[in-house]
Amino acid sequence: GYLVIYQINIQYGSAGVGEYGITLSILIILGVLLNMGTETALLRYIGEYGEEDLRSIKTIYSKMVSTVVAITLLVSIITYINSQYILNWISVNGEFEFILIIFVIIVPIYTINMLNIELIRGLGNITLSEYIRGVNQPLLVAVVLFLVSNVDNIPILALGFSAIVSFIITTTYVKKIFKDI
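## Observations concerning the overall build of the protein
(1) Moving on: For the protein, the count of helices and strands is seven helices and zero strands.
(2) Moving on: Taken from the N to the C terminus, the helices and strands of the protein come in the order α-α-α-α-α-α-α.
(3) Moving on: On C-alpha atoms alone, the protein measures out to a radius of gyration of 18 Å, which is about the 16 Å that the 2.2 N^0.38 rule sets for 181 residues.
(4) Moving on: Overall size of the protein, expressed as C-alpha extent along the three principal axes, is 55 × 35 × 20 Å.
(5) Moving on: Buried residues in the protein amount to 42% of all 181 residues.
(6) Moving on: Looking at the protein alone, contacts between residues at least 24 apart form 74% of all its contacts between residues at least 6 apart.
(7) Moving on: In the protein, 9 positive and 12 negative side-chain charges are present, and the distance between their average locations comes to 12 Å.

Below, the structure written as structure tokens:
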């Protein structure tokens, strides 16, 4: 994480670090709020039903995902509809418009990914869950920053890219777990 911040600072200066830090912080906070504790409840249900009853876990997980998707899409749509007001409130001349649009796209993906990570952890693959949670995002951001430099908003795009890749990895793994159920 610190190396990514250092790399962003070298390539984009303090403004780039600020944009990246604020976007990541708001993304994490919204992810926690919009999940509404479902990831904690999911771990509780996995503990209650055990790994042997994957059918019940899949049913509960599917209901949780449906709820979280509906809420995150609603928040994203409301944010997009009110984007001009938000931009006027937070910036001068709408300089953060692109960041806000990327943000609106990333929020649902990031939030569902948080739920997927907890499902994977609850079902016993702690290595994968902790890799996705702690290593994957900064690693992918660093790789993108290394490959593409001096392009506006690359730190935010790299963050979005890392969220999408993490989502694909966790969703593929979850589908593999529930494949035969």
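## What to know about the environment of L140
(1) Moving on: Take L140: it is sitting in helix α6 (residues 126-147).
(2) Moving on: We classify L140 as buried; its relative accessible area is 15%.
(3) Moving on: As for L140 and F96, which are separated by 44 residues in sequence, their C-alpha atoms are 23 Å apart.

## Details of the packing of aromatic side chains
(1) Moving on: All told, the structure shown has two aromatic pairs when counted by the stated rule.
(2) Moving on: Ring geometry for Y45 and Y49: centres 6.3 Å apart, planes at 25°, overall stacked. With a gap of four residues between them, Y45 and Y49 both fall in helix α2 (residues 38-49), about one helical turn apart.
(3) Moving on: Judged by its relative accessible area of 31%, Y49 is partly exposed.
(4) Moving on: Each ring, one from Y61 and one from F178, has its centre 5.8 Å from the other, and the planes form 45°; the classification is tilted. Of this pair, Y61 sits in helix α3 (residues 54-81) while F178 sits in the segment after α7 (154-177), and the two are 117 residues apart along the sequence.
(5) Moving on: Residue class for Y61 comes out buried when judged on its relative accessible area of 10%.
(6) Moving on: Owing to a relative accessible area of 6%, F178 belongs among the buried residues under this scheme.

## Section: the packing of helix α1 (residues 2-35) against α7
(1) Moving on: Between α1 and α7, whose axes approach to 8 Å, the crossing angle comes to 45°. In terms of orientation, α1 and α7 fall into the oblique class. When you trace α1 past α7, the crossing you get is right-handed. In contact with I8, Y12, E19, Y20, T23, L24 and L27 of α1, α7 contributes I154, P155, I156 and L159.
(2) Moving on: Considered class by class, the residues forming the contact of α1 with α7 number nine nonpolar, one polar and one charged.

## Some details on α3
(1) Moving on: With 28 residues, α3 extends 39 Å from end C-alpha to end C-alpha; this agrees with the ideal 40 Å at 1.5 Å per step.
(2) Moving on: Burial in α3 covers these residues: I57, I60, Y61, M64, V65, V68, T72, S76 and T79.
(3) Moving on: Contacts made by the buried residues of α3 are with α1, α2, α4 (83-90), α5 (97-122) and α7.

## Considering the confidence of the model for the protein
(1) Moving on: Predicted confidence across the protein gives a mean pLDDT of 89, with 97% of residues reaching 70 or more.
(2) Moving on: Across the protein, α7 holds the top mean pLDDT of 94, while α4 sits lowest at 78.

## A short note on the side chain of Q7
(1) Moving on: With respect to the secondary-structure elements, Q7 resides in helix α1.
(2) Moving on: Contacts of Q7, omitting those with residues within four sequence positions, involve A142, L145 and F146.

## Overview of the nonpolar core
As a rule of thumb, nonpolar side chains are buried together in soluble globular proteins.
(1) Moving on: I8, Y20, L27 and L145 are the most contacted members of the largest nonpolar core, which has 23 residues in total.
(2) Moving on: Mapped by element, the contributors of at least two residues to this core are α1, α5, α6 and α7.
(3) Moving on: A per-element tally of this core places α1 first, with eight residues.
(4) Moving on: Beyond its immediate stretch of four places on either side in the chain, L145 contacts V4, Q7, I8, Q11, Y12, I154 and P155.
(5) Moving on: By size, the runner-up hydrophobic cluster in this structure holds 18 residues, among which are I60, L119, I132 and V174.

The rules behind each value
- Residues numbered from 1 in each chain as written.
- Predicted model: local features only at pLDDT ≥ 70, side-chain atom pairs only at ≥ 80, totals over all residues.
- Heavy atoms only, no water.
- Helix = DSSP H or I, 4+ residues; strand = E, 2+ residues; numbered from the N terminus.
- Rg over C-alpha atoms; globule rule 2.2 N^0.38 Å.
- Buried < 20%, exposed > 50% of the residue type's maximum accessible area, 1.4 Å probe, protein only.
- Contact = heavy atoms within 4.5 Å.
- Lys, Arg positive; Asp, Glu negative; His and termini not counted.
- Charge placed at Lys NZ, Arg CZ, Asp CG, Glu CD.
- Phe/Tyr/Trp six-rings, centres within 6.5 Å; stacked < 30°, edge-to-face > 60°.
- Axes fitted to C-alpha atoms, helices over the stretch in contact; angles between N-to-C directions.
- Parallel < 35°, antiparallel > 145°, perpendicular 65-115°, else oblique.
- Left-handed = near helix turned anticlockwise from the far one by under 90°.
- Nonpolar A, V, L, I, M, F, W, Y, C, P; charged D, E, K, R; others polar.
- Expected span 1.5 Å × (residues − 1).
- pLDDT = per-residue confidence, 0-100.
- Core = buried A, V, L, I, M, F, W, Y, C linked by side-chain atoms within 4.5 Å.

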